[in-house]
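In case you want the letters, here they are:
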Amino acid sequence: MTIELKNYANDIKLNLSSILREDSNNPLTRKQTLAIALACAYSTKNQIVIEFIKEQVGNTLSSAEIEATKGAASVMSMNNIYYRFVHLASNKEYQQMPAKLRMNIINNHGIDKVDFELYSLAVSAINGCGMCIDAHVAQLEKANVSKNAIQDTVRIAAIINAAATAVTIN
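Now for a quick tour of the structure.

Rules used throughout
- Numbering of residues starts from 1 in every chain and runs along the sequence as written.
- Given that the model is predicted, a residue must reach a pLDDT of at least 70 before its local features are reported, and side-chain atom pairs must reach 80 or more before they are shown or counted; all residues, however, enter totals for whole chains, interfaces and linings.
- Based on all heavy atoms of the structure, the side-chain values leave hydrogens and waters out of the count.
- Working definition: rings of Phe, Tyr and Trp (its six-membered ring) pair if their centres are within 6.5 Å, and the pair is stacked with planes under 30 degrees apart, edge-to-face with planes over 60 apart, and tilted otherwise.
- Starting at the N terminus, helices and strands are each numbered in turn, a helix being any DSSP run of H or I of at least four residues and a strand any DSSP run of E of at least two.
- Relative accessibility under 20% of the residue-type maximum defines a buried residue, over 50% an exposed one, and the middle range a partly exposed one, all with a 1.4 Å probe and only protein chains included.
- Note on contacts: a residue pair qualifies if any of its non-hydrogen atoms lie within 4.5 Å across the two residues.

Some points on the packing of aromatic side chains
For step 1, the next point in the chain: The full count for this structure, using the stated rule, is three aromatic pairs.
For step 2, the next point in the chain: Each ring, one from phenylalanine 116 and one from tyrosine 119, has its centre 6.4 Å from the other, and the planes form 55°; the classification is tilted. Of this pair, phenylalanine 116 and tyrosine 119 both sit in helix H5 (residues 113–127), three residues apart, roughly one helical turn.
For step 3, the next point in the chain: By relative accessible area, phenylalanine 116 is classed as buried at 1%.

Have a look at this one:
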């Protein structure tokens, strides 16, 4: 399967090809790159992009890793809205109030903690939640994940999101 993009989205097509190509200089593993892309595709809700990335993933990811990408996309879609509100609200009292949101998957995802944090960071970047971005970056830095790997994670998110936009307006 290929994603058909018009000439105005040629940069997106080239960037998409670049992030999906295996590269020994990539600070992320191949599995991390594909899983981040899949979590981002789910986050965009664009079925064409989801199917395209699922095809790229093939049998590379375990069922637990695939479920974790879905879990990250789902729980971050809730958290990103809530915590973006808390962050942006002029009344800072909301920051002191309990969220009362269930989010057990953040600690019970069945995969490597760093990988789940990477997926969550990417989805949070797409959804534009500064509080969540800061929290995930802090966890990744605490786990000694390189700044290049963190940047690459967000670059993947940006490109997958742009591909979904381009496909939608094609």
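A word on the side chain of threonine 153
For step 1, the next point in the chain: Within the secondary structure, threonine 153 sits in helix H7 (residues 147–169).
For step 2, the next point in the chain: Threonine 153 gets classed as buried once you look at its relative accessible area, which sits at 0%.
For step 3, the next point in the chain: Excluding its chain neighbours within four sequence positions, the residues that come into contact with threonine 153 are Leu28, Ile36, Leu118, Leu121 and Ala122.

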